[in-house]
Amino acid sequence: MMDDQLWYKKAIFYELYPKAFADSNGDGWGDFRGILERVDYLAELGVDCVWITPFYPSPMGDDGYDVADYYSVHPKFGTVDDLKALIDALHERGIRIIADLVMNHTSSDHPWFQESRSSKDNPKRDWYVWSPTNQRYPDARIIFTDSMQSNWQYDEITGEYYWHRFFEHQPDLNFDNPEVQEEMLKIVDYWLGLGLDGFRADAIPYLFERDDTNCENLPETHQFLKDLRGHMDVKWPGRILLAEANQWPVETREYFGDDDEMHMGFHFPIMPRLYMSLKRGEVSSIHDIMALTPDIPEKTQWCIFLRNHDELTLEMVTPEERDYMWEQYAPDPRMKLNLGIRRRLAPLLDNDRRRIELLNAILFTFDGSPIIYYGDEIGMGDNIWLEDRNGVRTPMQWHAGHNGGFSESDPKALYAPTIDDETYGFQTINVADQRNNPDSIFNRLKHMIWTRKQHQAFGMGTFSFAQTGNDAVLAYWRAYQREKILIVVNFSDEAQDAVFDMRLMAGHEPVCLLTGDRFPFVAAKDYTLPLQPYEYRWLRMD
Ligand code: BGC
């Protein structure tokens, strides 16, 4: 498996916050050694690739996405050797690991920026984007709408403004400068040389700026990414680039190039539509967004997710849909953040087991590779009273004991408080209990993952919708070589029938992959599949 060049098309990904997973030295912060002690857990769940969020030295003004040194490790997480040991331990179990590559910006603490801001003729001046006015690029939107008023920040030292798409302490690097581009390739070589299997390329739509544009998805950006990919193909075949481009499908499509840019890209717009459809008991928006999703090159792959470390983004929906989502899923104003919702999967779904399973049943069968957000496999809760996105980044809940098994430290020394309310507290929701309970969410997801892995159709196969004659029921085919699998999901809280064209079913006797149940085929009429509220079926056509 480790020498399969298309591994990412079949892989189950797991996003892991190094700070939040396991603390090995009792200082209240998770670290690499802590993760290393838990690699068997990841193997048991069936994870094929871990995505680790930024671990570089950083003032942590954006939880590590504000990098102060690209060639080292934040001391709280350990050392480069600890990371190497973690990479080796994962590889021994057949698990790969990718990391965030934050190219668009650095921390304002980064020595490059310190030099750049020190004077207008400093050799590093041109590593960042400076302007005598704050009026340039007026069409570039503001991303952190809750905290930023402008993408320009005045700097007193030289009396000019610097450009930043995120927080004001995250100045954007100037990709027009060939030195910046070269430096990025060096950074990539350094970490791939250490054994990383690739990168989640953070915030890539914004690398270049041009007048009279919105400064997103520019041709220059694609050209640089193609150069980066070309470099990796020569030096590091089999290592991947995963695009974080929160864009509409036609725009994200461009990041796949002609199989010569990014290997993977998140499908952002599908995600809120899954939640929306679940509330409405009606699935047309899923059909609609897939109709707007172009085909992608053969060797590339979408990445599908339900939640991640950021707010549940509502950038890729209409204003009306956004209001609907806020109304339905963010009843308390604390739950809103920027254009999104800062809650985890289980609380979004009212801790309703059927709906949690339903969305996961889609995650593991839809068009793309699934990414699990740490803790969602046990249905962890959130803490909306923490600032920014910290409420969805609380300590992993391993058992019902001290600090939920996350750390030996004094609870007051934890980087963030554990969740300890009655419903979601570590006393109730934790790995140890769920491992022992065959009916737990953990074991159910583990079974889904195991089942997915038995069938190439999910990772390698084609995707097409099937008509069900019922707006509440989503159905789609996954097919590869001689294998055909039909996924049928009832988004309604009431029992529903799905009716399939009998020509499609002729000669088949569907078998449910998850339960082994057989569904006798009645030849004379259309095939009717009765479904319980929120029921899902993965049917192999035998
Ligand atoms: C990351 C965020 C981060 C931002 C700026 C995003 O794409 O997911 O967590 O704040 O990039 O780096």
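We now turn to the structure provided with this report. What you are looking at is a predicted structure, and each value in this text was computed from that prediction instead of being measured.

Some thoughts on the overall build of the protein
Argument step 1. Assigned secondary structure in the protein consists of 18 helices and 21 strands.
Argument step 2. The dimensions of the protein, computed from C-alpha atoms along their principal axes, are 80 × 55 × 50 Å.
Argument step 3. Relative to its 542 residues, the protein shows a buried fraction of 63%.
Argument step 4. Accessible surface, the protein as shown: approximately 19,900 Å² in total, 47% of it carbon and sulfur.

Details of the pattern of salt bridges
Argument step 1. Taken as a whole and judged by the stated rule, the model has 45 salt bridges.
Argument step 2. Between aspartate 310 and arginine 389 there is a salt bridge, with its nearest N and O atoms 2.9 Å apart. Of this pair, aspartate 310 sits in the loop between β10 (301-305) and β11 (312-313) while arginine 389 sits in the loop between β14 (369-373) and α15 (431-436), placing them 79 residues apart in sequence.
Argument step 3. Aspartate 542 serves as the salt-bridge partner of arginine 518, at 3.6 Å between the closest nitrogen and oxygen. Highlighted residues: arginine 518 in the loop between β19 (510-512) and β20 (527-531) and aspartate 542 in the segment after β21 (536-541), separated in sequence by 24 residues.
Argument step 4. Under the relative-accessibility criterion, arginine 518 is labelled partly exposed at 47%.

Regarding the site of the ligand
Argument step 1. Close to the ligand lie Asp62, Tyr65, His105, Phe144, Phe166, Arg200, Asp202, Glu244, His309, Asp310, Arg389 and Arg393.
Argument step 2. Take aspartate 202: an N or O atom from its side chain is 2.9 Å from an oxygen atom of the ligand.
Argument step 3. Here glutamate 244 contributes a side-chain N or O atom positioned 2.4 Å from an oxygen atom of the ligand.
Argument step 4. Coverage of the ligand by the protein chains reaches 97% of its 310 Å² of free accessible surface.
Argument step 5. Grouping the amino acids of the shell around the ligand by side-chain chemistry returns three nonpolar, two polar and seven charged.

Details of the side chain of arginine 389
Argument step 1. Using a relative accessible area of 4% as the deciding quantity, one classes arginine 389 as buried.
Argument step 2. Beyond its immediate stretch of four places on either side in the chain, arginine 389 contacts Asp62, Phe144, Phe167, His309, Asp310, Glu311 and Leu337.

Structural notes on the sheet that holds β11
Argument step 1. Strand order in this open sheet of three strands is β11-β13-β12, and the pairing throughout is antiparallel. Two strands lie at the open edges of the sheet, namely β11 and β12 (336-337), each paired on one side alone.
Argument step 2. Where β11 and strand β13 (residues 340-341) come together, two bridges link them in antiparallel fashion. Along β13, the bridge assignment pairs leucine 312 with isoleucine 341.

Notes on the environment of alanine 330
Argument step 1. Mapped onto the elements of the fold, alanine 330 is located in the loop between α12 (319-329) and β12.
Argument step 2. Residues in contact with alanine 330, not counting those within four places in the same chain, are Met325, Met335, Lys336 and Ile341.

Some remarks on the packing of helix α5 (residues 80-92) against helix α7 (residues 178-194)
Relative placement of two packed helices is described by the angle separating their axes and the distance separating the axes.
Argument step 1. Where α5 meets α7, the closest approach of the two axes is 10 Å, and the angle between their N-to-C directions is 55°. By the angle between their axes, α5 is oblique relative to α7. Here α5 contributes Val80, Leu83, Lys84 and Ile87 to the contact with α7, which in turn contributes Tyr190, Trp191 and Leu194.
Argument step 2. Partitioned by chemical class, the residues of the contact of α5 with α7 number six nonpolar, no polar and one charged.

Comments concerning unusual backbone geometry
The general pattern is negative phi for most residues beyond glycine and trans for most peptide bonds.
Argument step 1. Phi at aspartate 63 is positive, roughly 50°, even though this residue is not glycine.
Argument step 2. Among the secondary structure elements, aspartate 63 is positioned in the loop between β2 (49-52) and α5.
Argument step 3. The phi torsion at aspartate 388 lies on the positive side, around 50°, for a residue other than glycine.
Argument step 4. Mapped onto the elements of the fold, aspartate 388 is located in the loop between β14 and α15.
Argument step 5. By relative accessible area, aspartate 388 is classed as partly exposed at 21%.

Considering α7
Argument step 1. Look at α7: 25 Å from first C-alpha to last across 17 residues, which is about the 24 Å you get at 1.5 Å a residue.
Argument step 2. Considered for burial, the residues of α7 that qualify are Val180, Glu183, Met184, Ile187, Val188, Asp189, Trp191, Leu192 and Leu194.
Argument step 3. Considering only its buried residues, α7 is in contact with α5, β3 (96-102), α6 (111-118), β7 (198-202) and α8 (219-235).
Argument step 4. For α7, the capping residue at the N-terminal end is asparagine 177, with a side-chain oxygen 2.8 Å from the backbone nitrogen of glutamate 179.
Argument step 5. At the C-terminal side of α7, glycine 195 shows a positive phi close to 120°.

Considering α8
Argument step 1. Taking 1.5 Å as the rise per residue, α8 with 17 residues should run 24 Å; its terminal C-alpha atoms sit 24 Å apart, in good agreement.
Argument step 2. Tucked into the core, α8 has its buried residues touching α7, β8 (240-243) and α9 (249-254).

What about the packing of aromatic side chains?
Argument step 1. Inspection of every chain in the model, using the stated rule, returns 44 aromatic pairs.
Argument step 2. For the pair phenylalanine 55 and tyrosine 56, a centre-to-centre distance of 4.4 Å together with 40° between the ring planes defines the contact as tilted. Of the two residues examined, phenylalanine 55 and tyrosine 56, each falls in the buried class.
Argument step 3. An aromatic cluster of at least three residues, connected via ring pairs, comprises Trp29, Phe32, Phe55, Tyr56, Tyr70, Tyr71, Phe77, Trp112, Trp127, Tyr190 and Trp191.

Digging into the packing of helix α10 (residues 270-280) against α12
Argument step 1. For the pair α10 and α12, interaxial distance at closest approach is 11 Å and the crossing angle is 65°. You can see that α10 and α12 cross each other, and the crossing is left-handed. Residues Pro272, Arg273, Tyr275, Met276, Leu278, Lys279 and Arg280 of α10 form the contact with α12, whose participating residues are Glu321, Tyr324, Met325, Gln328 and Tyr329.
Argument step 2. Across the contact of α10 with α12, the residue classes break down as seven nonpolar, one polar and four charged.

What to know about the pairing of strand β16 (residues 473-480)
Walk down a regular strand and you will see the side chains alternate between the two sheet faces.
Argument step 1. In terms of burial, β16 is largely enclosed, as seven of its eight residues are buried.
Argument step 2. Examined bridge by bridge, strand β15 (residues 462-465) and β16 share four bridges and lie antiparallel to one another. Within β16, the position partnered with phenylalanine 463 by the bridge is arginine 478.
Argument step 3. Counting the residues in the hairpin turn of β16 and strand β17 (residues 483-490) gives two residues, including glutamine 481, whose phi is positive at 50°.

Considerations on the environment of alanine 413
Argument step 1. Relative to the helices and strands, alanine 413 is located in the loop between β14 and α15.
Argument step 2. What makes alanine 413 partly exposed here is its relative accessible area of 38%.
Argument step 3. Remark: the alpha-carbon pair of alanine 413 and glycine 26, spanning 387 residues in sequence, is separated by 9.0 Å.
Argument step 4. Setting aside residues up to four positions removed in sequence, alanine 413 forms contacts with Asp27 and Gly28.

The rules behind the values
- Along each chain, residues carry numbers from 1 onward, in the same order as the chain's sequence is written.
- Confidence filtering applies because this is a predicted model: local features only for residues at pLDDT of at least 70, side-chain atom pairs given and counted only at 80 or more, and all residues used for totals across whole chains, interfaces and linings.
- Think of the side-chain values as coming from all heavy atoms in the structure, minus any hydrogens and water.
- Helical segments are the DSSP runs of H or I of at least four residues, strand segments are the runs of E of at least two, and each set is numbered from the N terminus.
- Exposure classes here rest on a 1.4 Å probe applied to the protein chains alone. A residue is buried below 20% of its type maximum, exposed above 50%, and partly exposed in between.
- Shrake-Rupley sampling with a 1.4 Å probe provides the accessible areas, and residues are treated as covered by the protein chains on show and by no other component.
- One side-chain nitrogen of Lys or Arg within 4 Å of one carboxyl oxygen of Asp or Glu is enough to make a salt bridge.
- By convention in these notes, a residue is near a molecule or strand provided one of its non-hydrogen atoms lies within 4 Å of it.
- Polar contacts, as used here, are pairs of N or O atoms within 3.5 Å; protein pairs need one atom able to donate a hydrogen and one able to accept it. Residues neighboring in sequence count only if both atoms are side-chain atoms.
- Note on residue categories: nonpolar means Ala, Val, Leu, Ile, Met, Phe, Trp, Tyr, Cys or Pro, charged means Asp, Glu, Lys or Arg, and polar means any other residue, Gly included.
- Contact criterion: two residues are considered in contact whenever any of their non-hydrogen atoms come within 4.5 Å of each other.
- Pairing between two strands requires that DSSP report at least two bridges joining them.
- Here an axis means a line fitted to C-alpha atoms, over the contact stretch when the element is a helix, while the angle between two N-to-C directions is reported on a 0 to 180 degree scale.
- Any angle that is under 35 degrees is reported as roughly parallel, and any over 145 degrees as roughly antiparallel; angles of 65 to 115 degrees are reported as roughly perpendicular and all others as oblique.
- Working rule for helices: expected span equals 1.5 Å times residues minus one.
- Here a Phe, Tyr or Trp ring, Trp counted by its six-membered ring, pairs with any other such ring whose centre lies within 6.5 Å, and the pair is stacked when the planes are under 30 degrees apart, edge-to-face when over 60, and tilted otherwise.
- It is the rotation of the near helix from the far one that decides the hand of a crossing: anticlockwise by less than a right angle makes it left-handed, clockwise makes it right-handed.

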